[in-house]
Number of protein chains: 2
Amino acid sequence: MIKKYCFGNVFKTESVVKNINVSTDKVPYFNIETKDDEIVLNYNLDSNDAIYGLGEVIRGINKRGWIYKSLCEDAFPVHESRTGSYAAHNFLIVSGVKTFGVYFDTPTAITYDIAFTDIDLMTIKACKDFDLYIVEGKDELDIVKQFREIIGQSYIPPFFAFGFAQSRWGYKCKEDLLRIANDYEKCNMPLDMINIDIDCMDDYKDFTFNDTFDDAKAIFEGLKERGIRVVPIVDAAIKKDDTYDVYNDCLANKACCVDKDGNPYVVGVWPGDSLLPDYLSANGREWFGAQYKRLLDLGIEAFWNDMNEPSLFYSRHRINEAFTLAGESANKNLSLQEFWNVTGAISALPNNIEDYKEFYHNVDGKLVCHYDVHNLYGYNMVRSASEYFKKYNPKKRYLIYSRSSFIGSHRYGGIWTGDNASWWSQLLLEVSQLPGLNMCGFIYSGADLGGFGESSTEDLMIRWLQFGIFVPLFRNHSSFYTRLQEFCYLKRKEIYANLLTVRYALVPYLYNAYINAVYNNSMLFTPLSFIYKNDSRVTDIQDQLMFGNDIMLAPIYTQNTKGRYVYLPERMLEVRMTSSSKYETRVLEKGDHFIEVPFDEIVFFVKEGSVIPVSHAKKNIADINYNDLYAIRFNNNDNEVELYQEIDDEIVLKKVSLK
Amino acid sequence: MIKKYCFGNVFKTESVVKNINVSTDKVPYFNIETKDDEIVLNYNLDSNDAIYGLGEVIRGINKRGWIYKSLCEDAFPVHESRTGSYAAHNFLIVSGVKTFGVYFDTPTAITYDIAFTDIDLMTIKACKDFDLYIVEGKDELDIVKQFREIIGQSYIPPFFAFGFAQSRWGYKCKEDLLRIANDYEKCNMPLDMINIDIDCMDDYKDFTFNDTFDDAKAIFEGLKERGIRVVPIVDAAIKKDDTYDVYNDCLANKACCVDKDGNPYVVGVWPGDSLLPDYLSANGREWFGAQYKRLLDLGIEAFWNDMNEPSLFYSRHRINEAFTLAGESANKNLSLQEFWNVTGAISALPNNIEDYKEFYHNVDGKLVCHYDVHNLYGYNMVRSASEYFKKYNPKKRYLIYSRSSFIGSHRYGGIWTGDNASWWSQLLLEVSQLPGLNMCGFIYSGADLGGFGESSTEDLMIRWLQFGIFVPLFRNHSSFYTRLQEFCYLKRKEIYANLLTVRYALVPYLYNAYINAVYNNSMLFTPLSFIYKNDSRVTDIQDQLMFGNDIMLAPIYTQNTKGRYVYLPERMLEVRMTSSSKYETRVLEKGDHFIEVPFDEIVFFVKEGSVIPVSHAKKNIADINYNDLYAIRFNNNDNEVELYQEIDDEIVLKKVSLK
C-alpha cells in the first residue's frame, strides 16, 4: 500500500506516473518538524535496523552510518567522504523493527543523515516543497515492486547493449577506433561497441565529428559489418560559436537557459564558453532531441549523455572576479588568509552552487530557478533524446545511457555510475550500488570497468572483469592520463579473451533475467537479506548478491588474494567457467566456505532446482545462437526453458531447447 | 648475511650505523641497467612472490601491484592512488621463490614499480648515487633482525607514552585543554596526554604559546598532577618576523636553508612567510634543538614534530608569477587551455618539487641542494631535538614523534602515520602499515585514531578504538573542520570508558613486547606469513596480525557488520574483554571461524602455552600496578613472569607475580 503526502507545492518531476490520491492522515513513522526554511523528518533507529536504497550513493548496501546529499554533482573523485553522487535517487527502505519504503519526490537538494550525527537516529532534511510517498508491504521485495509500479516501467535497451564496450577518453580520430577494433580482433577478444569520447568531436561541438571522420557514415557502417557499433558521446552544453549551426539554432529557438534578465546564460565546459540547453522546457527538449537526427542519419544506434548534472567549470563572471583578485594580490606581502582567499576563489569556480542559482528554465512560460529543479537536468536531457527516437523510428530500440539521473529517467535510458577511479574499493562500490539502483528502477547500469580515473593495475582489471561480466552495462572505460587498460593492450591476453566469452555465454540468462526484472518490477541484483529472511547471518552480507533468481555472486575485490570467504545461505552448485564452453562444478553445502578464485576463472553459485541457459558465443552478441544453447543444471532436468529474447526489435518469450 | 654495494657516491644518510665492507661482487638477484640519469634494477616476479616492507606506504601488507615513490610528501589526502607518503622507508623483502631483503640507502627519490607496469616484474629506479644492501637469511624474521641490527636500536619512549592521548587541530587556548581534561574525567575515561596543536601557539611561532597561556608552567603542572601531560607541536619552519627572537636567532646563527646566492630562502607555511631551519647541518641541528629548552623548562616531556617533509604552501616568487598570470587573464575570452594554465599554476603552488631544487643546506661547509637530500629533512629535525634532550637531561626519556621520517630517525623518535582520513579503509591501512614500519625499525608508531581529515562516524570510532588499544601510539586526533570525535563527546560513553581501560589492562603485555621487539630487533606486529611458514592459507592474510609473541589480532574494519571471518593458524584461546577487569574466553580450533564482535568488546586470540599479564588499571598509566596483575592463560600455569618495566627512567626486566 502506498500513501502520498504533500508538503508545500512541489514542481512536478514526473517521476511518479501513477495517480495516487493525497492522504490527509498524519505521516506515519516519522517525527516531523517544520522549520523556517526546511522540513525535518526524524526516525529512531533500532541498533539492528538497516537502510537500503538511495541508488547511486557510496558506502555499502546498508546505507547506515553516513550522511548523503541528493544534489546531482560531478562527483569525481568518488571517495569515502563523498555525500553526493552524479544522481539523485530519493527512495529508501527502512528494514528492521518496522519495514517500509519512503520516496521523496523533490527536484532539489535533500539530505539523509543516517546515524551520522546521532548513531540512533535518521534525520532527513528537505526544502518545504515535496511529495512524500510511504510504501508498506510484506517485505522489502514487495515494497520495491509497489514502488517500481508507480514510477513506470524501466528502460529496455536493444539486445546488442548486452555486449562488451571498449571506451577511453583519449580516442581522437577514426584511426583510433579502427585500431581498437583490429587489436581486439587480433587478440580473439569479443567486442560489440566502441565508445567515442569528446576528442572525436570537432572542437567539442555536440553532434559533430572532427576532420578525421571525413567519411563518418562509411566508417560506422564498416565497423557495424564487423559487429561493432560506435557509441558517440553527447555532452549537455552547446559551444558558443556563431559558426556552429547548432548554437545558432539553439539561440533562434530560445532553447537555452537564461539569466534573470532573459539573456542566454554562459558557462564554461569542455568547449569553453557554452550554453545550457533548457531540457526542462518542452521546447528545449524537443529542439535538442531533434539534433540527434544528425547522428541517427549516420546509422548510429547508441549514445551516451555526459556532463549533465550539469557540470560547470566556471561561470563567466565568477572567473573574472577570481582572476582579478589574484592579480591584485600579486607581489604583495599576503597573510596566509589572504593567500587562501585567492586560491579559495579559484578552487570555487567549478560547480559553484551559487551559479546554479543564477540561471533559469522556462517551464510553461514561467522562469524557474535552476537550483530549485537542479536534479531534473540530466533526467530531461535523456528524455529529450528518448522522445525524439520514438519519432525517428517508433519501432526501434536505441541504446542511451547517462551520467546524471533522477528517478523517472529510468524509463528513458540507462546510466553508468559516473567517473569512478581505478581503486579496489570502487569495485566493491559497484557491488553495493547495483541493488540500490535496481530499487530505484535503474536496471541497465554499471560502473566503468577497471575504473575511469587513476591508473589501473592488471590484477584489478582481471578481478573487475570477473564481476563485470554479470553487469548489464559492460564497458571498460578510462581517462586519457591513465595507463592503457584495454584488454588487448594488457599482458594476460589469453585470460581476457576467455573470460570475455563467459559474458556471452551468460547473456541468454542475463537478458532473460533483465526482462523479468523490468516486467515484474523486481531486481536483477538483490541483497541476500531481501531473500533469506530467516537467516540472521545474511543481514550483514554486503559483498555477495543474487543475480537474477538462480545465481549468487561473490566477487573478489581485494588485491593479492587467492580467494575469499563466501557464505552460502543454502546448498548451491559452485560453477567455475574458463570460457563460454568450458566449466566445472561441485556441490557446496549451506554455510561458510573459503573459495579460491584463480585469475582465469569466473566463479558463481547456482541455486538448487535451477537450470542456467548458456551460449557457446565467442565473438559478439550476434554470435549468440538460441538454437545452440546448453545447460548448467543443479537438480533440474528440464530440456526446455522459456526465455525472453529480442527478435526483430520485439521482445518475445520463447521456448528454447537446451543441450 | 648482509652485503653492501656502492653506486656512485651517495650523501651519507647515517641510516646504517654498522660498518660493512663494500662488496665488489656482482649484485645478485637483480638485472641492472645503467641509464643516463638513473639506475634501473629489474627482478622477475613469480606469480606467488610477495613483497613486504616499504614502511608507511599504502596498500596491503603485501605491496605487490602498485607503484611507490620514496619522496617524503605532505600526502593528505591519503587515498588508493597515492604513490608516496610522509616518509621514505626504502627497505623491502622479496618473499617467494627466492627470499631476501633489499635496502636502498639514498636521501632522494626512488621508485618501486612492483608489478604495476608489468604484472610479472619489479622495477626499481634510483638516481645514480646510492648504497645497496642485500640481506640474506633463513626467513623473513631473520632478514628483518639482521637489517635492524645494522640500522641501530629503535627508539624507546617513556612509559607514559603508552597511555591514551587526545588531540585535535582546533584546541585554541588553555581553556580547551582544561575542558578536555575535565570532560574525560567526568566520563570516567582514562587520559594520559593532551596534544597541543598550532592554534595554541602565538601566531604559529614555534616554542611559543598564545596569550591564554599566561601561566603556562602552572597550567601544565596542574594537568600533570592529574596524570595528564601536554604534548605541544613543533612545526618545521620558523616564522619570518623580526619581533620573534627565534627568527632573529636563526638568522644570527645562519641556521636556515638558503637560496643559491646564500640568502635565507623564504617559503609559506602556517605562519605565512617562514624560514626552513637547516637540520642537515650540525650547526642548524644544534641551534634548533637548543630551542626546546623553552618548553623543557616548563616541565614539558613530550613533543610532536609536524610539517617536516617539509610541507610548503608556496614559495614567494612562484606565488607572484601565478597570481600575475591570473590577473592578466581576467576579463579575457580565455580558451579552456588558457583557463587551465591559470588554475594549474595556482594548484601547483603547494609542495612544488621545483621549489625543493631551489634551496640549499650547508653540510660541512658545502652547499647541498635540498632536492638531493630531501628525505632526510624530517629525520634530522627529530634528531636535533633528541640530541638536545640528551644534553638537557641525560637520564630522562622524552616522548617525541614525527610526521616525516627516514630509516635512521627510528633511533631518535617515533612517528605517527601522518594526516589520514576518517575512512574505514584507513583503519585497514593502519593494520597494513604497522608490520612494514616495524621492519624498518619504527616501533613507536600509530595512525590518528578515528581519522584526522573528514568527519568520523561513531561506529568507525568504536571499531578503530577496538584496534587502537593495541597500538603503541594511541592518539585520537582530528581536524578542525570535522565533527568532534573526542570519546567524551560521542554518545556511547559507557562503551568508550570501558574499552579504554582495556588498553591499560594490556599495557604490561604491550610494554614488555615493545621492549623485546627493540632489544631483539624483532617485530611487535608481524604478518602471519612470517611465522606460519608451512600454512599456505596464511600467505594471503593481510587483515590479521601477530601482536607480540602470544596474541593474534583480527580487527573489524568494515561498516555495518556484526563480525568477520578469522583464520586461526593453530588452536587459540579467544578472549573477549569488556573492561580491564572483565573478560570471557573460549578455545577455538585451528581453521576458519566467523567471529562476532559487538561494539562493547575487545576480541583477541591467545596462542597455546601463553600467559598474558593484565592490569586492573582504570585511570591512566600511573594506575598500572605491577604488584596487582592478573593472568589470562591458555595452558600455562606460571604464576610468575619476567616483564620489562620502566622504573625510575630505567628499563628493567623483573619478575612479577600474577593472580
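Residues numbered from 1 in each chain as written. Chains lettered and ligands numbered in written order. Predicted model: local features only at pLDDT ≥ 70, side-chain atom pairs only at ≥ 80, totals over all residues. Heavy atoms only, no water.

Considering the overall build of chain A
Here comes step 1: Scanning chain A for helices and strands turns up 14 helices and 36 strands.
Here comes step 2: Against the globule reference of 26 Å for 659 residues, chain A gives a C-alpha radius of gyration of 25 Å, in line with a compact fold.
Here comes step 3: Dimensions along the principal axes, computed over C-alpha positions, put chain A at roughly 75 × 65 × 55 Å.
Here comes step 4: For chain A, buried positions account for 68% of its 659 residues.
Here comes step 5: For chain A, the accessible area works out to roughly 22,100 Å², and carbon and sulfur atoms hold 47% of it.
Here comes step 6: Side-chain charges in chain A split into 70 positive and 91 negative, and the spacing between the mean points of these groups amounts to 3 Å. (Helix = DSSP H or I, 4+ residues; strand = E, 2+ residues; numbered from the N terminus. Rg over C-alpha atoms; globule rule 2.2 N^0.38 Å. Buried < 20%, exposed > 50% of the residue type's maximum accessible area, 1.4 Å probe, protein only. Areas by Shrake-Rupley, 256 points an atom, 1.4 Å probe, with all protein chains shown as cover. Lys, Arg positive; Asp, Glu negative; His and termini not counted. Charge placed at Lys NZ, Arg CZ, Asp CG, Glu CD.)

Looking at unusual backbone geometry
Most peptide bonds adopt trans geometry, and most residues besides glycine take a negative phi value.
Here comes step 1: Residue Phe-76 of chain B is joined to Pro-77 of chain B through a cis peptide bond whose omega torsion reads -5 degrees.
Here comes step 2: Relative to the assigned elements, Pro-77 of chain B resides in the loop between β5 (66–70) and β6 (91–95).
Here comes step 3: With an omega of -5 degrees, the peptide bond running from Glu-309 of chain B to Pro-310 of chain B counts as cis.
Here comes step 4: Note that Pro-310 of chain B resides in the loop between β17 (302–306) and β18 (314–315).
Here comes step 5: For Tyr-204 of chain A, which is not glycine, the phi torsion reads 65 degrees and is therefore positive.
Here comes step 6: Among the secondary structure elements, Tyr-204 of chain A is positioned in the loop between β12 (193–196) and α3 (216–225).
Here comes step 7: Judged by its relative accessible area of 26%, Tyr-204 of chain A is partly exposed.

Focus on the pairing of strand β7 (residues 100–105) of chain B
When a strand is regular, its side chains alternate between the sheet's two faces.
Residue and element names in this part refer to chain B.
Here comes step 1: Within β7, 6 of the 6 residues are buried, leaving the element largely enclosed by the surrounding structure.
Here comes step 2: Where β6 lies against β7, 4 bridges are found, and the strand directions are antiparallel. Paired with Leu-92 across the bridge in β7 is Val-102.
Here comes step 3: As defined by bridge partners, β7 adjoins strand β10 (residues 130–135) across 5 bridges and the pair is classed as antiparallel. Residue pairing for β10: Val-102 is matched across the bridge by Ile-134. (Pairing = 2+ DSSP bridges.)

Comments concerning the packing of helix α12 (residues 424–439) of chain B against helix α13 (residues 458–468) of chain B
All names here are of chain B.
Here comes step 1: For the pair α12 and α13, the least separation of the axes is 10 Å and the interaxial angle reads 10 degrees. In this view, α12 runs roughly parallel relative to α13, as classed from their interaxial angle. The interaxial crossing formed by α12 with α13 has right-handed handedness. The residues of α13 that touch α12, namely those facing Trp-424, Gln-426, Leu-427, Glu-430, Val-431 and Leu-434, are Asp-459, Leu-460, Arg-463, Trp-464 and Phe-467.
Here comes step 2: For the contact of α12 with α13, the class distribution of residues is 7 nonpolar, 1 polar and 3 charged. (Axes fitted to C-alpha atoms, helices over the stretch in contact; angles between N-to-C directions. Parallel < 35°, antiparallel > 145°, perpendicular 65-115°, else oblique. Left-handed = near helix turned anticlockwise from the far one by under 90°. Contact = heavy atoms within 4.5 Å. Nonpolar A, V, L, I, M, F, W, Y, C, P; charged D, E, K, R; others polar.)

Some details on the interface of chain A and chain B
How big an interface is tends to be expressed through the accessible area that disappears when the partners come together.
Here comes step 1: Listed as interface residues are 67 residues of chain A and, on the opposing side, 68 residues of chain B.
Here comes step 2: When the shortest N-O distance is used, the salt bridge between Asp-120 of chain A and Lys-491 of chain B registers 2.7 Å.
Here comes step 3: Put simply, chain A and chain B have 47 residue pairs in polar contact (both at pLDDT 80 or more) between them.
Here comes step 4: Elements that contribute at least two residues to the side of chain A that touches chain B include exactly β16 (272–275), α7 (316–329), α8 (336–347), α12 (424–439), α13 (458–468), β28 (563–568) and β31 (591–596) of chain A. (Salt bridge = Lys/Arg side-chain N within 4 Å of Asp/Glu carboxyl O. Polar contact = N/O pair within 3.5 Å; in protein donor to acceptor, adjacent residues only side chain to side chain.)

Focus: the sheet that holds strand β29 (residues 572–579) of chain A
Residue and element names in this part refer to chain A.
Here comes step 1: If you trace the 6 strands from one edge of the open sheet to the other, you get β25-β26-β27-β32-β29-β30, paired in antiparallel fashion. Each edge of the sheet is formed by a strand with only one pairing partner; in this case those strands are β25 (525–527) and β30 (582–588). Taking each pair of neighbouring strands and ignoring which way they run, the sheet shows an average axis angle of 30 degrees.
Here comes step 2: Of the strand pairs in this sheet, β29 and β30 are connected by 7 bridges, and their pairing is antiparallel. If you follow Glu-574 over to β30, its bridge partner there is Arg-586.
Here comes step 3: Each of β26 (545–547), β27 (551–553), β29 and β32 (602–607) touches helix α14 (residues 493–519); the most contacted strand, β29, lies at about 130 degrees to it.

Details of the relation of the copies chain A and chain B
Here comes step 1: When chain A is fitted to chain B, the residual RMSD is 0.0 Å, and the transformation amounts to a turn of 180 degrees plus an axial shift of 0.0 Å. Both chain copies can therefore be described as sitting about a two-fold axis. For chain A, the smallest separation between a C-alpha atom and the rotation axis is recorded for Gly-327 of chain A, amounting to 1.6 Å.
Here comes step 2: A high fraction, 100%, of the interface residues of chain A reappear at the interface in chain B, so the copies pair face to face through one surface. (Least-squares fit on C-alpha atoms with pLDDT ≥ 70 in both.)

Re the packing of aromatic side chains
Here comes step 1: A full pass over the atoms with the stated rule returns 121 aromatic pairs over all chains.
Here comes step 2: Taking 4.0 Å as the distance between ring centres and 5 degrees as the angle between the ring planes, the aromatic pair formed by Tyr-565 of chain A and Tyr-565 of chain B counts as stacked. Of the two residues, Tyr-565 of chain A sits in strand β28 while Tyr-565 of chain B sits in strand β28 (residues 563–568), which places them in two different chains.
Here comes step 3: Take Tyr-565 of chain A: its relative accessible area is 15%, and that puts it in the buried class.
Here comes step 4: For the ring pair Phe-213 of chain B and Phe-220 of chain B, a centre distance of 6.1 Å and an interplane angle of 45 degrees mean the geometry is tilted.
Here comes step 5: Looking at Phe-213 of chain B, the relative accessible area reads 6%, which means it is buried.
Here comes step 6: Residue Phe-220 of chain B is classed as buried on the basis of its relative accessible area of 5%.
Here comes step 7: Pairwise contacts between aromatic rings join Tyr-155, Phe-159, Phe-162, Trp-304, Tyr-401, Trp-416, Tyr-444, Tyr-511, Tyr-514 and Tyr-626 of chain A into one cluster.
Here comes step 8: Above the ring of Phe-116 of chain B, the side-chain terminus of Arg-483 of chain A is found at 5.0 Å from the ring centroid. (Phe/Tyr/Trp six-rings, centres within 6.5 Å; stacked < 30°, edge-to-face > 60°. Lys NZ or Arg CZ within 6 Å of the ring centre and 35° of its normal.)

With respect to the pairing of strand β8 (residues 110–114) of chain A
Residues and elements named next belong to chain A.
Here comes step 1: Here β8 lies mainly inside the structure; 4 of its 5 residues are buried.
Here comes step 2: Sheet analysis places strand β5 (residues 66–70) next to β8, joined by 5 bridges and oriented antiparallel. Within the sheet, the bridge partner assigned to Ile-67 lies in β8 and is Asp-113.
Here comes step 3: Turn length for the β8-strand β9 (residues 121–126) hairpin, with the two strands adjacent in sequence and antiparallel, is 6 residues, and the turn residue Ala-115 shows positive phi of about 60 degrees.

A short note on helix α7 (residues 316–329) of chain B
All names here are of chain B.
Here comes step 1: Compared with an ideal rise of 1.5 Å per residue, which puts 14 residues at 20 Å, α7 spans 21 Å between its outermost C-alpha atoms and is within 8% of the ideal.
Here comes step 2: Along α7, the residues classified as buried are Arg-316, Arg-318, Ile-319, Asn-320, Ala-322, Phe-323, Ala-326 and Ser-329.
Here comes step 3: Where α7 ends, the next residue or the one after it, Asn-331, has phi of about 60 degrees, a positive value. (Expected span 1.5 Å × (residues − 1).)

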